[in-house]
Amino acid sequence: MHRYLYGLMFEDISHSGDGGLYAELITNRAFQGYSGNFILPSENPLVPGGPVLTGWAPLGDVRLSLDILHPLSDALPTVLQVDIPVNATGEVGFINYGWWGMDISPQKYKASFYVLANYPRYKGNSTTFTVSLRSNLTGEVWARTELPTVKVDTLDYIQLNATISNESRAPNSNNTFAVTMDASEVAGQTFYFDLISLFPETFKDRPNGLRKDLANALYDMKPKFLRFPGGNNLEGVSPQTRWKWWKTIGPLKNRPGRSIANWNYANTDGLGLLEYLEWTEDMEIEPVLAVYSGFSLDIWGEDGASYPESRMHEVLQEALDELEYCTGPTTTKYGALRASHGHPTPFKIQFVEIGNEDWFSSTYPHRFYYLYNGLKAAYPEITLISTAYNENADYNISIPTGGMWDTHHYEEPHYFLENFDFYDNWQQATNNTDVGVLLGEYSVKQLDSPDGAVNWSAPGLPLPQMVSAIAEGVYALGGERNPNTVRMSSYAPSLQNLNWYNWVPDMIAFTADPAQTLLSASYWQQWLFARFRGAQTLPVTNTKGDFGPLFWASSVNREDTEVYLKVINAGATAVPLSVVLDVEIRGVNATVIVNVDENAENTEDEMKVVVPKVANVTQARERRWSWNVPAWSIVVVQFDV
Ligand code: AHR
């Protein structure tokens, strides 16, 4: 079995990043643009790209509006204007509702914001700001921190930081974050605020890091790689609005984000290139960096928007600079830039993908070979991954020796069962025994239908079902049987915010409340297979019948002490199984995901309907072991040898 076989695919889709894995609790923190139809639909017209006040509300006697005359930076030109009337009294300020709420639990929160005073209205006095966590239902204050009194400048923004040590556990996630002042100090004045931020404790304590419970769920799968940043979100809907690596790095104040990102909501790019790399570092996994390949989806064009061959040198240079930022020593221009961003140690990049799903485009041949040759010349040791392979009737991409092909499958269950053996003779058929495969995105999109193919005008399954996990597991077994060919695989999409999403089904669904994080049947299948990952695939001789309804693959650990047998029963009746090993079996354990109902699923109300459990199995006799594999089950048997 290939050592990188099971991994993760991530892009910001369905608020998986902003409002999801990126731990920032403040929604629309820098007024960067339209973020979907949420919180207050009536105040949020469907005008993509426009800065909005979505997520913010006044507290006390103040008026909130957006201002563009006092930009925080070129990247963040829109700020929050807070006018306090002359006769205001008591507490005045504003609140933020979070990403459909915010979880408040005992921990230290880090708050920060930039503030500027309006020149003619400023009275020159000092101001005391307070940050607090509150219930949106009752107004109860869970925790508050009063900042040291400051003189706010009228010429330059100052950044204020505070830690909120909270000891309360709010009963639900309907909470807010407030920045307040005392009207006795600020009545009659106007202030501008921007980049108002609140972070809980993060995964491995990374500043600007990942939401702990979601990151832990991913880490717990023992993934081996992370492919990022897309997906379609890399390509963007146009060359102008695509993901541009150099705009996702450095101080947050200098990151413009994308008001029109691919998936119909604004991306802050707070989770930017360096944060992705640090994610791989913190999970000790291999980065699979997808670089822009000169193609954007362009919603109006049949074939997208492509760079012509005459301009591909620009696209290549962009990718080379990006790789220098990731891997260059600090003596290089971009390596030094990375160091100035807090990470002097270069990252190691072994896999680079050239684009995403370029089979949609007739121009991939000139783009692919240009980038392949240019990248290979500069980084001969990096494995380059093509997103197309002899797929389009109009052209052939013949992947050079040592390269890989990323193939994507959103299918009905039968597809995965029928393609269990697809990779058995794939290398021979393609006349290249040293081209590998990345099953970069796959999942059961819809249940089997009479036409046998996914209907893209119909919605997908809301949640993965038992049958999804079975079908995806069978496909994964096809990969395990062919370790020289299938080197990596990852379910997609990985994360879905249940409050706003544009793709189903997903491996993990969540809300602001960590107690509601829903690990699906598909998640558990991936979890189980990745945990029992042998170092080497073992040959299995089958003496009775062919594959189906039982499918299997076997491997052995590096020490030759544990043999794993993965078996899936994709049928409605139990099947007797007899196994004979070449060596004596000293002990048997099995973990099983099973449900007699093929449509069983984990839901918000019942989260543990389809989960792995230790199975009660018979013990072996010398080299022999027998068991009845339950209907609709995914089983991993561990033989101690
Ligand atoms: O996973 C969702 C989308 O599906 C990805 O962005 C794209 O690569 C594929 O078409």
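Note that this is a predicted model, so its numbers are computed, not measured.

A. A look at the pattern of salt bridges. Counted under the stated rule, the structure contains 20 salt bridges. Linking R206 and E281 is a salt bridge whose minimum nitrogen-to-oxygen distance equals 2.7 Å. Of this pair, R206 sits in the loop between β11 (190-199) and α3 (212-219) while E281 sits in helix α5 (residues 273-282), placing them 75 residues apart in sequence. Linked through salt bridges whose partners overlap, the residues forming this network are R206, E278, E281 and D282.

B. Examining the nonpolar core more closely. L218, L273, W279 and L375 are the most contacted members of the largest nonpolar core, which totals 110 residues. Considering each element in turn, this core owes the most residues, nine residues, to helix α11 (residues 466-480). Setting aside its immediate chain neighbours within four residues, W279 contacts L8, F10, L21, L210, L218, L226 and I285. Core analysis: the next-biggest nonpolar cluster, separate from the first, contains 42 residues, I26, V115, A143 and M181 among them.

C. Inspection of the layout of surface pockets at higher detail. Roughly 960 Å³ of internal volume is contained in the largest pocket. Forming the boundary of the largest pocket are 28 residues, of which V540, T541, S578, V579 and V580 lie nearest the centre. Listing elements by their share of the lining of the largest pocket, those giving two or more residues are β25 (550-556), β26 (562-569) and β27 (575-580). Broken down by element, the lining of the largest pocket gets its largest block of residues, six residues, from β27. In the lining of the largest pocket, the residues fall into 18 nonpolar, six polar and four charged. Size it by volume and the second largest pocket reaches roughly 720 Å³. If you trace the second largest pocket, you find 29 residues lining it, with F199, P207, N208, G209 and L252 closest to the centre.

D. Highlighting the site of the ligand. The immediate surroundings of the ligand are formed by E11, I13, G231, N232, W263, N356, E357, H408, Y410, E441, P493 and W503. At a separation of 3.1 Å, an oxygen atom of the ligand approaches a polar side-chain atom of N356. With respect to the ligand, the side chain of E357 contributes an N or O atom lying 2.7 Å from an oxygen atom. Classifying every residue of the shell around the ligand by side-chain character gives five nonpolar, four polar and three charged.

E. Inspection of the UniProt feature "domain: Alpha-L-arabinofuranosidase C-terminal" (unreviewed entry) in the protein at higher detail. Mapped onto this numbering, the UniProt entry annotates "domain: Alpha-L-arabinofuranosidase C-terminal" (unreviewed entry) at residues 440-633. Helix and strand shares over residues 440-633 are 13% and 31% respectively, and the end C-alpha atoms of the span are 24 Å apart.

F. Representation of the packing of α11 against helix α12 (residues 521-531). Where α11 contacts α12, the two axes come as close as 8 Å, and the packing angle between them is 30°. Considering the angle they form, α11 stands roughly parallel to α12. Crossing angle aside, the handedness with which α11 passes α12 is right-handed. On the side of α11, the interface is formed by M466, S468, A469, E472, G473, A476, L477 and E480, while α12 contributes A521, S522, Q525 and F529. Of the residues that constitute the contact of α11 with α12, the class distribution is six nonpolar, four polar and two charged.

G. Structural view of the pairing of strand β19 (residues 436-444). In terms of residue burial, β19 counts as a mostly covered element, since nine of its nine residues are buried. The pairing of strand β18 (residues 404-411) with β19 spans seven bridges and is parallel. In the sheet register, W405 faces β19, and the bridge partner there is V437. Sheet topology places β19 next to strand β20 (residues 486-491); four bridges connect them, and they run parallel. What sits directly across from Y442, in β20, is Y491. Chirality of the crossover, the property in question, places the unit of β19, α11 and β20 among those that are right-handed.

H. Geometry of a positive patch on the surface. On the surface, a cluster of positive charge is made up of R3, K222, K224, K348 and R558. Residue placement: R3 occurs in the segment before β1 (8-9). Using a relative accessible area of 55% as the deciding quantity, one classes R3 as exposed.

Rules of the game
Residues numbered from 1 in each chain as written. Predicted model: local features only at pLDDT ≥ 70, side-chain atom pairs only at ≥ 80, totals over all residues. Heavy atoms only, no water. Salt bridge = Lys/Arg side-chain N within 4 Å of Asp/Glu carboxyl O. Helix = DSSP H or I, 4+ residues; strand = E, 2+ residues; numbered from the N terminus. Core = buried A, V, L, I, M, F, W, Y, C linked by side-chain atoms within 4.5 Å. Buried < 20%, exposed > 50% of the residue type's maximum accessible area, 1.4 Å probe, protein only. Contact = heavy atoms within 4.5 Å. 1 Å grid on protein atoms, 1.4 Å probe; cavity = no way out; pocket = protein on both sides within 12 Å on 5 of 7 lines; lining within 4 Å. Points joined across faces, edges and corners; volume = space filled by probe spheres on them. Nonpolar A, V, L, I, M, F, W, Y, C, P; charged D, E, K, R; others polar. Near = heavy atom within 4 Å. Polar contact = N/O pair within 3.5 Å; in protein donor to acceptor, adjacent residues only side chain to side chain. UniProt positions renumbered as here; feature names shortened; annotations may be inferred. Axes fitted to C-alpha atoms, helices over the stretch in contact; angles between N-to-C directions. Parallel < 35°, antiparallel > 145°, perpendicular 65-115°, else oblique. Left-handed = near helix turned anticlockwise from the far one by under 90°. Pairing = 2+ DSSP bridges. Right-handed = clockwise from strand over helix to strand, strands pointing away. Patch = residues over 30% accessible without salt bridge, like charges linked within 9 Å, V, L, I, M, F, W, Y side chains within 5 Å. Areas by Shrake-Rupley, 256 points an atom, 1.4 Å probe, with all protein chains shown as cover. Lys, Arg positive; Asp, Glu negative; His and termini not counted. Charge placed at Lys NZ, Arg CZ, Asp CG, Glu CD.

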